[in-house]
Structures are given as C-alpha cells and as structure tokens.
Amino acid sequence: MADQGKGTLFFGQFLLERGAVSQEALDDALQFQQEANHRIGELAVEKEYLQPHQVEKIFAEQKLRDEPFGVIALKFNFLKRAQLDDLLFSQAVNSTHLGEALLVRGHLSPEQFVEHLKAYNNMTKERQRELDALLRELPNRDVFAAVVKSLDRTFTRFTGRHARVNLLHTAPPAFSAGIGFVLDVALHGGGRVSCLVRLADDVGTVIAERLAASRDPQQHGEPTTTMDFCREFFEIMARYLGQALEDAGMAVAECSVGLCDEQCFTSVRPALEITTPAGPMFVAVSVAL
Amino acid sequence: MAGDLFPRETEERLRGVFSSVVKATVGFGGTKQKVEKRLLFFVEEQKDGRIGIQALNAAFVPSGELKYLTREELVSRFLPEPEIYMNKVYPAIRQVMATLSSAERHLNEGNTYCAEYEFKNALRIDEDNIRATFGLGMSYLERGELEKGDLVFRRLVNMKGAYLKRHKHLFNDFGIKLRKNKMYRQALKYYSRAYALSKDDEHLLYNIARTLYEKGSYKGALNFVRKALNLKQDFDLARQLMVILQKKMRAAA
C-alpha cells in the first residue's frame, strides 16, 4: 500500500502505522472484503428482480449519466421502489467494512477493534476540525468544498474509498513531473470556476487501472491509454463538480476538461494536497464570479 | 413420538418442524411433468394456545409472516420432521439468538461498530429478523449515519411484525432515535403506521406529540397530547408537554 503520509490516513494505514496489524493481514482482509461485497446488480439478479440483460443496460447508461444504479433502474421502470429498497438493504447487510473483515479473519479481536477505531475516529475528527478551520480562511470556500466533494465522490465510485484533504499550500508545491488537467465550469452570467489538478505519473497509472478494470476492452470507442482514462476520470469529476456547485447555489452552464501544464498550475494559489486511494494529488482553484 | 409433539396436557408447548408436499405441473407440451416439492415449516404453539406456523428460509431459520392453524389442520396436512428440527433448525435458531444477544450487548455498551457487525451476521442468516433490523438501525442512528438509518427505517415501516406488542420496546427506542436525529418526517410516518393499528396507546400519542413539538408544529402537537391525556389523565409527561405547548402558542400569538 502506498505511503499516504501522516496528515490523513485511512483506517487500514492507521492500523499499520500503529503496529496493530501486519501488511499481510491487511492485504488478506482487503481481499476478503472485495470478495465478500456484492454489487447491487448481482444482488438484483440473485433475487430475480432483474434479468442480466437489464443489468447490462443499466451499466451502459451509468457510463453516460453518472447516476446510481438504482436511480437508473427506477427511471427505466425495471425496478419498483420497494424492490430497490430491498436490494439496498441486502447490500448494506452483506457489505463488509475493513474492520469487520479484520475481525472475521481473526487479525483483530473485538476489543482491539473498538480501541483502534475510537482512536482513529478521534484523530480524524481532530484533523477535520483543523482542515475546516483552514478552509474557512479561504475565499470562495463553498467552491473549494464542492471541489473536494466531487473528487471524493469520483474516487469512491471507482475505488470504493475516499479522498481526503491533507494540507493547504500557500506556496506552490514542489512538483516537477506528472500530468495535469483543468476542469472548467462555466456559470450562467459569465462566471467561471477552474479547478486545476496535478498528479504524479504513477498516480495517473493507478487511476487508469481502476477505470480499465470496469471496462470492456473490446468495446469500440473505449479509452485505451493512461491519459485517455485519466481524462475520462476527470470528465466524470467535472460533472460531479457541476452538480456540487449547483447544490451550493450556482447556476452551471457547462463543464469541460482540458490539459494543464505545470506553469499554469503554479500560478494559482492556494493549492490543496489531497490524499487519494491512488496517491497524492494537488488541486488549485481559480474562481471568477 | 406423536404424543410428545402434541403436549396438550403438559406445560410444554408444541414446537418443531413439519413438512407438507405441494404438487405442481412444470414444463410445456412434451416436457410437461408433474413434480412434488416438500416444503418445510416451523411450528410453535403460542402462549395464547394458538398454533403458529412460519416458513423456513434457506438457512433453516423461521422467516416471514407468522400464520396460524388449528391442531386438526396441522395433523391432517403436515408431517413432523423431528430430525430436521434437532439437526438444522434448533442449532440455527440458537445461533441467531446468540448473535443477537451479543449484538445487543455491544449496542448497550456503545460499541456500535461491533453491534453493527453482529446484527448484520444475524440478518445474513435471517434477513427478515425484526430484532436485528431494529438493532442495525439503532447502530446507524447512534452514530448519526442518517442515510443508512433511513434505509432501515424504510424497511421497518413496511414490516408488519415491527408493530407487534413483543417488539414495543424496540419500536419505541427506534422512534426516539429517529426523532433525536431530527428525522421528523420518518418518525411521524413510523408512528402513524403504528397509530393506524392501535389508537388507544397513550405513549404512542405522546411520542407523536413530542415529535410534532420538536418539528415546530405546536398546534398538531397539542392535539395529540390532549388525546393522550384523554386516555390517561395522570400521564405526567404529557401534561408537562401540554403546558410547554400552551406557553409557546401564547407567546407566538
């Protein structure tokens, strides 16, 4: 597992750093978690609420709409509300947290789990308080919050794990290599929000691998290179950013994604360092309202 | 053995697994054939003497709606299956009960993640278990996980068994948790379902009044608190709430 720094840790990394579990135990639990958790489409077929071809149709639509499986299934009239609720409940019951996986696999006792989880929750609460204080200092903090929310949502969708704001840089971060994208959101009335993202090449590779895993490689028109996958990732993030800005009361006209070079990035301050499941990422936001 | 299964004259109540055979025709044209399927049920004599019958799920746990039949119907339509009861059903029921006890102990001690884990274990065996569903919802709401709490609420509100007297304590606790998490719409829907089934429960009326009060609907709250007091005049909590509501409404006027 990549070193994600001390500022923001996921629970697994937290347990590793405390010496509560070994890397092997953590990998074992993560593997168990991945195998145990059922996707809602699979559950729908098991319960005979949907046929496999209906599930495929919903998945195809998800790529265009970025909406949850259940929302699309309802729109297509493939599922009734009561059936969707039943599936969501089954999914919740059959889902396994990392902590549960560690318990089931015998890597932690219930008492140890409770003790470490309390410590982790206290640490993240404290960290969140510090970061909230930092974000409060920023002008246009609603925009920053929307950016962080949309990035987190995109990572959660493709990796099942969250992205977290780690640090705030008022000076440009030292970051020579890598790739960059600009997510441009045009607002009605002429305003603009530009979200510039810089990430290391290996982080881009991890993102590309995660998206590739959810694709049919034989499908015509699907992305094939790391850059193509990364662009698609940030196009999805841009749509989520548009939705988050709408939720914050802004009238979004259009979202687009382009490339962003290092010079473009370092001219915008401040920059947030975000810890993601793929590795660190730097995000700068420019707002013109 | 037949005498043991029908202990009318003793204090032991009837409990066991019974089967019935269902005949059906499957296929079409040349592939059409008649098949027989054996269905298994858990039968238990209730405290009031009625014979309750429930289907068994794939984990050999009684699940689904509890129905009733007479002893004569039981004898004429079903066959006892004592080995299935002893080897499959009894151990499965014990496992669910032990898991639930452990879960509820964790919940009482404030260990909501361990409680969640155990309640989910129980639900993986018996997805319709009402105690486990309540417990899972309480675990989520205790942590302020409102979206997951709402998911459990949507399940519970449609479960007939959730409103049975034997689950009243769980029902009340869950309603209070919904209210304390400011999920007023859900709490009122939840209580209104119970109210439709039981209009003479003064504590239910008080809970509705309390929820309406916290939501800021003072007039509605006063209406329900008066109904509660009509049923029980020495209901101190309701009287105190009525005084508070009257003050609030005077101040607002």
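Criteria and thresholds
Residues numbered from 1 in each chain as written. Chains lettered and ligands numbered in written order. Predicted model: local features only at pLDDT ≥ 70, side-chain atom pairs only at ≥ 80, totals over all residues. Helix = DSSP H or I, 4+ residues; strand = E, 2+ residues; numbered from the N terminus. Buried ≥ 20, exposed ≤ 12 C-beta atoms within 10 Å, placed from the backbone. Contact = placed C-beta atoms within 7 Å. Core = buried A, V, L, I, M, F, W, Y, C linked by C-beta atoms within 7 Å. Domains from an automatic or database assignment. Nonpolar A, V, L, I, M, F, W, Y, C, P; charged D, E, K, R; others polar. Axes fitted to C-alpha atoms, helices over the stretch in contact; angles between N-to-C directions. Parallel < 35°, antiparallel > 145°, perpendicular 65-115°, else oblique. Left-handed = near helix turned anticlockwise from the far one by under 90°. Pairing = 2+ DSSP bridges.

**Side note on the overall build of chain B**
Move 1: Counting secondary structure elements, chain B contains eleven helices and five strands.
Move 2: The principal-axis extents of the C-alpha atoms in chain B amount to approximately 80 × 45 × 40 Å.
Move 3: Per-residue burial over chain B gives 34% buried out of 253 residues.

**Section: the overall build of chain A**
Move 1: Check the secondary structure of chain A and you find twelve helices and six strands.
Move 2: Burial status across chain A gives 33% buried among its 289 residues.
Move 3: Long-range contacts, defined here as pairs at least 24 residues apart, represent 64% of the contacts in chain A between residues at least 6 apart.

**Topic: the nonpolar core**
Move 1: Counting 82 residues, the largest nonpolar core has I208, A209, A221, F224 and V225 of chain B as the members making the most contacts within it.
Move 2: In this structure F224 of chain B touches L205, I208, A209 and L212 of chain B, once residues within four positions along its chain are discounted.
Move 3: A163, V182, L199 and L241 of chain A belong to the second-largest nonpolar core, a separate cluster that totals 46 residues.

**Focus on the domain arrangement of chain B**
Note: interface size is frequently given as the accessible area lost on complex formation between the parts.
Move 1: Entries for chain B in the domain assignment read domain 1 (1–80), domain 2 (82–182) and domain 3 (199–253).
Move 2: Relative placement of domain 2 of chain B and domain 3 of chain B: their C-alpha centres are 30 Å apart.

**Re the interface of chain A and chain B**
Move 1: Contacts between the two partners involve 14 residues from chain A and, on the opposite side, twelve residues from chain B.
Move 2: For the side of chain A that touches chain B, the secondary-structure elements that each account for two or more residues are α6 (81–94), α7 (98–104) and α8 (110–136) of chain A.
Move 3: It is α6 of chain A that provides the largest number of residues to the side of chain A that touches chain B, a total of seven residues.
Move 4: Of the residues assigned to the side of chain A that touches chain B, the class counts are nine nonpolar, three polar and two charged.

**Some points on the packing of helix α7 (residues 168–180) of chain B against helix α8 (residues 184–197) of chain B**
All names here are of chain B.
Move 1: Relative orientation of the contacting elements α7 and α8 amounts to 155°, with a least axis distance of 8 Å. Judged on the interaxial angle alone, α8 and α7 are roughly antiparallel. Here α7 and α8 pass one another in a crossing that is left-handed. Contacts between α7 and α8 involve F171, G175, L178 and R179 on the former and, on the latter, Y184, Q186, A187, Y190, Y191 and A194.
Move 2: Taken together, the residues that form the contact of α7 with α8 break down as seven nonpolar, two polar and one charged.

**Some thoughts on the pairing of strand β5 (residues 271–276) of chain A**
All names here are of chain A.
Move 1: Burial analysis of β5 places five of its six residues in the buried class, which makes it a mostly covered element.
Move 2: Pairing of β5 with strand β6 (residues 279–288), which is carried by six bridges, proceeds in the antiparallel orientation. If you follow E273 over to β6, its bridge partner there is F282.
Move 3: Connecting β5 to the next strand, β6, in antiparallel fashion are two residues.

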